[in-house]
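# Inside the fold
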Amino acid sequence: MEQEMSRAVIAISMGDEIMSDFNNVVAWFNSRGYEVEDDYMVSEEYTIEYTYFEKLGVLSFAYEGEIDLDFPEIIFSFISYLKDVKGTSISIAEETFMGFETLIDLPLGLFRKNVLEGE
């Protein structure tokens, strides 16, 4: 069965992270071949929409595609780089006809264990 294209958002609420400083986020993505523009991070492979809420310490990424297949791996790499396993949290939501539905909302440590490592 073919999966439907959808819009998904990942929000990262930064705990005690070096990436709480957006300049560090820009440098991290630049060093991996991304050009960071006002609302997008662009590479040869992906254009990723982002929003940074400085006062809240929240960085969100949005993309469209098949949620299980088209998710940009660079975002998982970025999440893997984060360190505060208790204070940083990761939320993933998918857009539905009734708005966004939260699929995952976990502290970084549990997100790594359950999603990235697949335990």
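Now for a quick tour of the structure. Bear in mind the structure is a predicted one, so any value in this text is a computation, not a measurement. (Residues numbered from 1 in each chain as written. Predicted model: local features only at pLDDT ≥ 70, side-chain atom pairs only at ≥ 80, totals over all residues. Heavy atoms only, no water.)

## Thoughts on the environment of T96
Mapped onto the fold, T96 is located in strand β6 (residues 89–96). T96 sits 21 residues away from I75 along the chain, and the two C-alpha atoms are 22 Å apart. (Helix = DSSP H or I, 4+ residues; strand = E, 2+ residues; numbered from the N terminus.)

## Section: the packing of aromatic side chains
Given two aromatic rings, their pairing is described by the distance between the two centres and the angle made by the two planes. Tallied over the entire structure, the rule returns 9 aromatic pairs. Centroid distance F22 to Y52: 4.8 Å. Interplanar angle 25°. Geometry classified as stacked. Of the two residues, F22 sits in helix α1 (residues 22–30) while Y52 sits in strand β4 (residues 47–53), which places them 30 residues apart along the sequence. By relative accessible area, which is 18% here, Y52 ends up buried. Measuring from ring centre to ring centre gives 6.1 Å for F61 and F78, while their planes differ by 75°; the resulting arrangement is edge-to-face. You can see F61 sitting in strand β5 (residues 58–65) and its partner F78 sitting in helix α2 (residues 73–81), a full 17 residues away along the chain. When sorted by exposure, F61 lands in the same class as F78, which is buried. Through successive ring pairs, a cluster of aromatic residues spans W28, F29, Y34, F61, F78 and Y81. (Phe/Tyr/Trp six-rings, centres within 6.5 Å; stacked < 30°, edge-to-face > 60°. Buried < 20%, exposed > 50% of the residue type's maximum accessible area, 1.4 Å probe, protein only.)

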